[in-house]
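Tertiary structure, described
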Amino acid sequence: MKVQYKAKRNLLQTILQVEILQGLALTLRKLFSRPITRQYPDEKPPMYAGFRGQHALVRDPLTNASKCIGCMRCATVCPSRCIHIKTHPGDSGQRLIDQYAIDVLRCVFCGYCVEVCPVGAITMTEVFEYASYDREAIYFDQEILLANWDRFLEQTGYDDTYVNPFWRPRGTLESRLAAAMRRDVPADWTIEGQFVGTKVRQPPASKPITDTEAAHA
Amino acid sequence: MTKTTTLDVQVADGADDKYRLKMGPQHPATHGVLRVDLELDGETIDKCDPQVGYLHRGFEKLAEHRTYAQNIVLTDRLDYIAAMANNVGYCVAVEKLLAIDVPPRAQFIRVMVCEMARISSHLLWLATHALDIGAMTVFLYCFREREVLLELFAELCGSRLTNTYTRLGGVRQDVTHSIMLKLQRFVDEFPDHIAEYETLIDTNRIWLKRTIGIGPISADKAVDLCLTGPSLRGSGVDYDIRQHVPYAAYDQMDFEVPVGETGDTYARYRCRMEEFRQSNNILRQCIERMPPGPILGKDAPDLIMPAKPGRKIEFDAVAGNALIKLIDNRDLYMEGDVYVATEVPKGELGFYFISDGMGRPYRMHIRSPSFLHIGALATIGQGVMIADLIAIIGTLDVVLGECDR
Amino acid sequence: MQILILLLQIAMVMAIVLLHVAYLTYFERKIIGHMQVRMGPMRVGWHGLLQPIADGIKSFFKEDIIPQQADKPLFLAAPIICLVTMLAALAVLPFAEGWVLADINIGLLFIFAMSSLASYGIILAGWASNSKYTFLGGMRSMAQVISYEIPMGLSLVGVMMLSGSLNLSEIVAAQGTSIFSIYLFPQIIGFFVFFIAMLAETNRVPFDLPEAETELVSGYITEYSGMRYAMFFMAEYIGMMILASIGTVCFLGGWNGPFVIPFFPPFWFILKVYGFLFVFIWIRATLPRYRYDQLMAIGWKLLIPLALLNIFLTGLFKALVH
């Protein structure tokens with residue numbers, strides 16, 4: 001496809017500066033239109049579940065401690081290797097966490113740690129305002145990470161039913177999820193309720209894709 | 001004790017009275033940290049010598065120490081203006097190397113995010129290009145639309161800029177109804193906004209004077225200089241990987257490739273403006289024809305890929321589900337090399353992998369369009385004026401993150 | 001006593017003009033902001049109304065940085081030259097009938113002389129900073145001012161011919177017999193040339209080459225900071241106001257309006273100047289920037305012939321009428 005140019009202006013348009021006047025008219029019109037500015041500190045940007053913000057360790061309401069089981073999956077998958085976990089074996093062979101720390105200054109906020117966690121212990125919250133003047137303040141150890149979670153729930157009004165789309169990626173089959181992650185999610189996060197293009201959508205879907213079928217598809 | 005000297009015009013050997021200006025790396029119009037060493041005769045550039053490397057982060061070396069899945073994160077930081085397109089380009093390449101299938105829905109979502117990235121990247125190009133030439137209102141109008149797209153990215157994958165959206169074998173998150181509704185609204189409104197930009201600059205006599213006939217590149221020369229993308233198409237070479245070597249679902253899309261004629265700044269500008277419309281059409285088709293199905297292939301590797309085939313990562317008892325079970329009995333890691341190019345907004349982004357059968361690339365080379373475009377600057381920028389050089393840098397659409405990697 | 005009153009008047013004019021400069025920057029930011037679908041300053045005071053004062057205080061207390069390699073005396077003198085000449089030009093402006101500090105017979109020439117002198121400040125700033133960008137900015141400014149003084153002077157020759165005077169008050173008075181009491185219509189070519197030359201003379205978009213930020217970082221003021229930077233800024237805005245005033249006096253009938261406003265004779269004058277300033281800002285929000293050689297070409301190849309044509313036509317008109 002050849003690119004089309006607009007017609008060259010003629011002499012009259014040159015003398016009357018038509019195209020410049022059109023531009024001026026546009027800017028004058030915009031002078032009276034509504035500004036789109038968001039007055040940031042007063043007006044917060046919209047946040048969506050699954051925003052990759054400040055890290056937090058989910059506080060388990062049953063034990064009042066972290067859900068982390070020390071499987072090291074997050075530390076393994078982390079591309080910037082900023083998660084430091086130290087464990088020791090407990091009485092019944094489980095791992096007990098000595099140290100769980102995230103060096104946020106190294107973090108690239110990819111969200112992989114949240115996605116691989118089999119128990120939904122770590123999350124990234126919708127908090128993004130935690131800049132600090134010193135490096136120590138943004139080196140999160142276990143206590144700070146748990147406190148981040150408490151503060152997040154308090155600020156946003158979520159409760160323990162909060163689900164993060166990284167714990168259960170939208171469009172993932174139930175069968176591919178760890179047992180702890182099979183939680184209630186909004187309808188269009190599941191494969192049955194997913195968005196389908198307007199032209200593809202047929203009134204009675206010829207063969208609705210079920211969970212088990214899609215797994216073998 | 002310092003001596004107050006007259007202006008330091010370097011006169012070497014009495015014969016050279018060139019005015020040497022090192023433009024950048026801290027200069028408002030060099031789009032990041034490009035430095036151009038200029039030899040000036042008045043305001044005319046006698047010699048133009050672009051210097052790169054101020055944003056070098058060693059991604060190609062870093063990639064050798066990370067698994068294929070972890071490297072997706074690095075590709076965000078290449079061309080940070082269109083991170084989605086880089087993610088897709090990388091994943092297409094790795095999927096070819098590792099022979100991973102991608103389900104059709106994921107292909108469509110990839111095309112969709114690629115085109116969103118193309119629009120947002122071209123918006124930023126138009127914004128900065130217009131600002132370089134002095135039309136600062138276009139800058140803010142463009143950002144108004146770009147903001148909509150970035151917020152859609154944030155809703156889709158949790159991050160505005162460093163998306164890390166694709167996965168080997170698919171994408172990370174399915175689209176939601178709310179995202180598609182907003183995208184539909186954007187697609188419907190966008191042509192009006194393009195008309196707005198064009199009102200301000202398209203026929204403006206100052207804009208025409210600043211762009212027509214500036215930095216012309218003939219078709220042969222453009223091919224010689226390895227230009228790709230709209231910069232090449234502006235010179236009249238009909239080459240678009242999306243159409244000629246389709247990847248993802250581009251073979252099912254109906255779109256045209258705008259090709260200019262003259263190869264000057266204005267032709268490249270018109271090409272990109274036309275691409276806005278084409279990308280918008282592709283987005284509309286994506287919304288209409290998004291197929292149902294899973295977004296991750298059934299043989300897609302886990303995020304935690306073992307670095308060596310034999311190595312097994314131990315897990316706790318919570319395992320016993322497909323996501324955590326490793327695909328270690330599958331011939332996942334293939335030996336050999338592969339070069340796969342994709343069409344990112346700037347041009348041809350190619351990934352070349354050499355794999356020695358490990359879980360990470362033995363060598364990853366990135367053929368980034370910006371690097372070659374900056375190389376072309378030395379040729380194009382000769383004999384023009386400073387103000388034209390700014391326009392040419394703008395029109396080549398370079399991003400230093402991608403150039404220096 | 002006479003001198004005391006004069007000093008008081010000078011102080012008043014200066015205070016009013018400097019206040020105008022402060023709020024001109026505010027309105028420029030606001031208007032451009034809204035034209036660009038954003039808001040402009042909003043944080044200091046109600047809708048940012050105290051912003052110019054905050055800016056003034058800030059620049060006053062900022063560290064005064066003088067580059068080590070700079071030519072110090074010239075570097076210090078340059079902003080003062082700019083500001084003082086611009087302020088001096090205010091003396092001959094008639095704000096209303098009799099509201100003028102110095103009603104001299106060569107008013108127009110005096111203003112030209114002063115605004116040409118101000119460009120010395122710019123050139124010296126460019127030279128004395130001993131930086132490559134400022135040098136290029138200073139060079140551009142020198143060439144630009146020389147090229148555009150000529151069409152601007154020539155464009156006003158028509159007005160001088162029609163009014164038969166160089167005294168600004170008399171020019172206004174002479175316009176009473178013209179269409180709508182303004183010279184805009186008989187001198188439409190002259191006005192066109194004057195308007196473009198005015199944009200170029202004040203370094204405004206689309207002719208802001210001396211400080212083209214995307215080419216020369218900040219042109220001749222790259223190395224200046226704090227109060228000295230603010231002085232250049234003030235000089236630029238006073239220059240805008242002075243040229244807007246000349247435009248008002250020479251083409252739009254000065255203080256004459258459709259009806260007389262009691263107690264405040266300069267009302268129409270001020271309104272017209274505000275109109276000019278709005279157009280300055282409006283154009284800045286809309287147009288891209290010319291290239292250096294294109295700017296020269298427009299000055300020499302378009303504006304000067306047009307201005308000469310205007311003089312010829314005006315002369316012809318005068319010869320035919322009388």
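This is a predicted model, so every value here is computed, not measured. (Residues numbered from 1 in each chain as written. Chains lettered and ligands numbered in written order. Predicted model: local features only at pLDDT ≥ 70, side-chain atom pairs only at ≥ 80, totals over all residues.)

1. What about the overall build of chain A?
Secondary structure assignment for chain A yields six helices and five strands. Here chain A has a C-alpha radius of gyration of 26 Å; the compact-globule value for 217 residues is 17 Å, and the former is much larger. Counting all 217 residues of chain A, 33% fall into the buried class. Excluding contacts between residues fewer than 6 apart, the proportion of contacts in chain A whose partners are at least 24 apart in sequence is 67%. (Helix = DSSP H or I, 4+ residues; strand = E, 2+ residues; numbered from the N terminus. Rg over C-alpha atoms; globule rule 2.2 N^0.38 Å. Buried ≥ 20, exposed ≤ 12 C-beta atoms within 10 Å, placed from the backbone. Contact = placed C-beta atoms within 7 Å.)

2. Quick notes on the overall build of chain B
Scanning chain B for helices and strands turns up 14 helices and eight strands. The burial tally for chain B puts 57% of its 405 residues in the buried class. Intrachain contacts of chain B at a sequence separation of at least 6 include 69% that bridge at least 24 residues.

3. Re the sheet that holds strand β3 (residues 95-103) of chain A
What holds strands together in a sheet is hydrogen bonding between their backbones, with the strands either parallel or antiparallel. Residues and elements named next belong to chain A. Spatially, β2-β3-β5 is the arrangement adopted by the three strands of the open sheet, whose pairing is antiparallel. The sheet is open, and its two borders are formed by β2 (83-89) and β5 (139-140), each paired with just one other strand. Relative to β5, β3 runs antiparallel, the two being bridged by two bridges. Within β5, the position partnered with D103 by the bridge is Y139. Set on the sheet, helix α5 (residues 142-156) makes contact with β3 and β5; between it and β3 the angle comes to about 75 degrees. (Pairing = 2+ DSSP bridges. Axes fitted to C-alpha atoms, helices over the stretch in contact; angles between N-to-C directions.)

4. Remarks on the interface of chain A and chain B
Taken together, the contact between chain A and chain B spans 57 residues of the former and 56 residues of the latter. Put simply, the parts of the chain that give the side of chain A that touches chain B at least two residues each are α2 (18-31), α3 (73-77), α4 (112-116) and α6 (211-216) of chain A. For the side of chain A that touches chain B, the leading source of residues is α2 of chain A, giving six residues. Looking at the side of chain A that touches chain B, its residues break down into 35 nonpolar, eleven polar and eleven charged. (Nonpolar A, V, L, I, M, F, W, Y, C, P; charged D, E, K, R; others polar.)

5. Thoughts on the sheet that holds strand β2 (residues 35-41) of chain B
Residues and elements named next belong to chain B. Strands sit in the order β1-β2-β3 across an open sheet of three strands; the sheet is antiparallel. The sheet is open, and its two borders are formed by β1 (19-23) and β3 (44-51), each paired with just one other strand. In this sheet, neighbouring strand axes are inclined to one another by 20 degrees on average, regardless of whether the strands run parallel or antiparallel. With seven bridges joining them, β2 and β3 adopt antiparallel strand pairing. The partner of L40 across the bridge, within β3, is I45.

6. Section: the pairing of strand β8 (residues 363-367) of chain B
All names here are of chain B. With burial as the criterion, only one face of β8 is covered, namely that bearing M364 and I366; the residues R363, H365 and R367 on the opposite face remain uncovered. Two strands pair when backbone bridges link them, and strand β7 (residues 347-356) and β8 are joined in this way by five bridges, in the antiparallel orientation. The partner of G350 across the bridge, within β8, is R367. Hairpin remark: β7 followed by β8, antiparallel, with six residues in the connecting loop; positive phi at G357, about 90 degrees.

7. Let's talk about the confidence of the model for chain B
All names here are of chain B. Counting all residues, the mean pLDDT for chain B is 82, and 88% of those residues have values of 70 or more. Here β1 stands out as the element of chain B with the lowest mean pLDDT, 82, in contrast to helix α4 (residues 104-133), whose mean of 90 is the highest. Confidence over residues 1-6 falls short of pLDDT 50; this stretch has five contacts with residues more than four positions distant or in other chains. Note that pLDDT drops below 50 for residues 310-330; the model gives that stretch 37 contacts with residues more than four away or on any other chain. Reported confidence for the predicted complex is 0.84 by ipTM and 0.87 by pTM. (pLDDT = per-residue confidence, 0-100.)

8. Overview of the packing of helix α7 (residues 188-201) of chain C against helix α9 (residues 226-251) of chain C
All names here are of chain C. Their axes nearest at 10 Å, the elements α7 and α9 cross at an angle of 170 degrees. By the angle class used here, α7 and α9 are roughly antiparallel. Between α7 and α9, the contacting residues are F191, F194, M198 and E201 on the first element and L243, G247 and F251 on the second. Residue classes in the contact of α7 with α9 are distributed as five nonpolar, one polar and one charged. (Parallel < 35°, antiparallel > 145°, perpendicular 65-115°, else oblique.)

9. Examining helix α11 (residues 292-321) of chain C
When the terminal C-alpha atoms of α11 of chain C are compared, their 42 Å separation across 30 residues agrees well with the 44 Å that a helix rising 1.5 Å per residue should span. The sharpest bend along α11 of chain C reaches about 30 degrees and sits at L303 of chain C, with the proline P305 of chain C one to four residues further on. Of the positions making up α11 of chain C, those classed as buried are Y292, L295, I298, G299, L303, A307, N310 and T314 of chain C. Looking at the buried positions of α11 of chain C, the neighbouring elements they touch are α13 (386-396) of chain B together with α5 (132-163) and α7 of chain C. (Expected span 1.5 Å × (residues − 1). Bend = angle between axes of the 7 residues up to and from the residue.)

10. Remarks on the interface of chain B and chain C
On the side of chain C, 28 residues touch chain B, which itself brings 31 residues to the contact. Elements represented by at least two residues in the side of chain B that touches chain C include exactly α4, α5 (136-157), α6 (177-201), α7 (205-211) and α13 of chain B. Looking at the side of chain B that touches chain C residue by residue, the classes come out as 17 nonpolar, seven polar and seven charged.

11. Quick look at the confidence of the model for chain A
Of all residues in chain A, 92% attain a pLDDT of 70 or more, and the chain-wide mean is 80. Averaged pLDDT values over the elements of chain A bottom out at 51 in α6 of chain A and peak at 89 in strand β1 (residues 55-57) of chain A.

12. Topic: helix α10 (residues 267-286) of chain C
A rise of 1.5 Å per residue sets the reference length of α10 of chain C, with its 20 residues, at 28 Å; its end C-alpha atoms lie 29 Å apart and thus fit the reference within 8%. Taken together, the buried positions of α10 of chain C are occupied by W268, F269, K272, V273, F276, F280, I281, R284, A285 and T286 of chain C. Residues of α10 of chain C that are buried make contact with α2 of chain A, α5 and α6 of chain B together with α1 (2-35) and α9 of chain C.

13. Considerations on unusual backbone geometry
Trans peptide bonds make up the majority, and among non-glycine residues the majority have a negative phi. Its identity as a non-glycine residue notwithstanding, M72 of chain A has a phi of 70 degrees, on the positive side. Within the element layout of this structure, M72 of chain A appears in the loop between β1 and α3. Although it is not a glycine, H47 of chain C adopts a positive phi angle of roughly 50 degrees. With respect to the secondary-structure elements, H47 of chain C resides in the loop between α1 and α2 (51-61). In this structure H47 of chain C comes out as partly exposed when scored by C-beta crowding, with 14 C-beta atoms within 10 Å.

14. Observations regarding the environment of F353 of chain B
Residues and elements named next belong to chain B. Along the chain, F353 falls in strand β7. Using a count of 24 C-beta atoms within 10 Å as the deciding quantity, one classes F353 as buried. Separated by 309 residues in the primary sequence, F353 and T44 have C-alpha atoms spaced 43 Å apart. Excluding residues that lie within four positions of it along the chain, F353 makes contacts with A93, L97, D337, V338, P361 and M364.

15. Some thoughts on the packing of helix α4 (residues 107-128) of chain C against α5 of chain C
All names here are of chain C. It is the contact of α4 with α5, at a shortest axis distance of 7 Å, that shows an interaxial angle of 170 degrees. On the basis of the axis angle, α4 is roughly antiparallel to α5. In this structure, α4 uses L108, F112, S116, S119, I122, I123, A125, G126 and W127 to contact α5, whose residues at the interface are T134, F135, G137, G138, M139, S141, M142, V145, E149, G153 and L156. In terms of residue class, the contact of α4 with α5 is built from eleven nonpolar, eight polar and one charged.

16. Section: the environment of I53 of chain C
Here I53 of chain C shows up in helix α2. Between the alpha carbons of I53 of chain C and A88 of chain C there is a distance of 24 Å; along the sequence they are 35 residues apart.

17. Observations concerning the environment of R270 of chain B
Its place among the elements puts R270 of chain B in helix α11 (residues 265-289). C-beta crowding within 10 Å serves as the criterion here: with 24 such atoms nearby, R270 of chain B is assigned to the buried category. Separated by 46 residues in the primary sequence, R270 of chain B and D224 of chain B place their C-alpha atoms 22 Å from one another. Apart from residues no more than four positions distant in its own chain, R270 of chain B is found in contact with V3 and Y5 of chain A together with G260 of chain B.

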